[in-house]
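Chain by chain, the residues:
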Amino acid sequence: MRDCADGCLKVTDAKTRSGLRTIPAHSGLAELVASRCAGKPADVFLFHDLEEQRAGSKRDRSAPVSQAFTRERRRLGVDERASLNQRQSNVDFHSWRRWFVRKAVEGIERREKGYTAWTIANVVGHKVEDGTLDGVVLPLGMTMGRYAGAASLEAMKACVEAVKLP
């Protein structure tokens, strides 16, 4: 599959330009990705078995996975709300991204080598803006977001591998 090659995942459809990226797959997922790619033509999705949504629907192909996540979360009793009046749980499918970012930041705090906070933004597909280093705010949005370019694959691999999978 052309979007899953050489240990990397290529994101070719995203809401923003920052979301379009090639990122290293975590070594702990290599076997799963390889098994899902085995014997498939280059033009199919990694999760080819997800149903296409109705024409004109605002939901995308990930909707069934998000819904399954919510059902399983509820079945397991995983819920977090700031108040009883809050309609939706703070734990949702997007929580995976928040978890990854938190764990990558903890890697920096552990003094893992080879990546920065800006690398984390590149990996998760966020716009690179101002950042901090050792608690000091660095107003470097233009410098890091426009001139520095995306992090190297090596830096992104260091970031991805700093996150320990459960």
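Residues numbered from 1 in each chain as written. Predicted model: local features only at pLDDT ≥ 70, side-chain atom pairs only at ≥ 80, totals over all residues. Heavy atoms only, no water.

**So, the nonpolar core**
Stated formally: What we call a nonpolar core is a set of buried Ala, Val, Leu, Ile, Met, Phe, Trp, Tyr and Cys residues that are connected through their side-chain atoms within 4.5 Å. Only protein chains enter the accessibility calculation, which uses a 1.4 Å probe; a residue whose area is less than 20% of its type maximum is buried, one above 50% is exposed, and one in between is partly exposed. The numbering of helices and of strands both runs from the N terminus, where a helix is a DSSP run of H or I of at least 4 residues and a strand a run of E of at least 2. Contacts: residue pairs with any heavy atoms within 4.5 Å of one another.
In terms of nonpolar packing, the biggest core is built from 15 residues, with Phe100, Ala104, Tyr115, Ile120, Val123, Met156 and Cys159 touching the most fellow members. Examining the composition of this core, we find that 6 residues originate from one element, helix H6 (residues 153-162), more than from any other. In contact with Tyr115, not counting residues within four places along its chain, are Ala104, Gly107, Ile108, Ile120, Ala155, Ala158, Cys159 and Ala162. Met1, Cys4, Val33 and Leu46 belong to the second-largest nonpolar core, a separate cluster that totals 5 residues.

**Some words on the packing of aromatic side chains**
This is how the line gets drawn: Two aromatic rings, drawn from Phe, Tyr or Trp (for Trp, its six-membered ring), form a pair once their centres lie within 6.5 Å of each other, and the interplanar angle then sorts them: stacked below 30 degrees, edge-to-face above 60, tilted otherwise.
Counted under the stated rule, the structure contains 2 aromatic pairs. With 5.6 Å between their ring centres and 70 degrees between their planes, Phe69 and Phe93 make a pair best called edge-to-face. Residue Phe69 is located in helix H2 (residues 63-75), and its partner Phe93 is located in the loop between H2 and helix H3 (95-109); the two are separated by 24 residues in the primary sequence. Classification of Phe93 as partly exposed rests on a relative accessible area of 32%. Every member of this aromatic cluster is reached through a ring pair, and the members are Phe69, Phe93 and Trp96.

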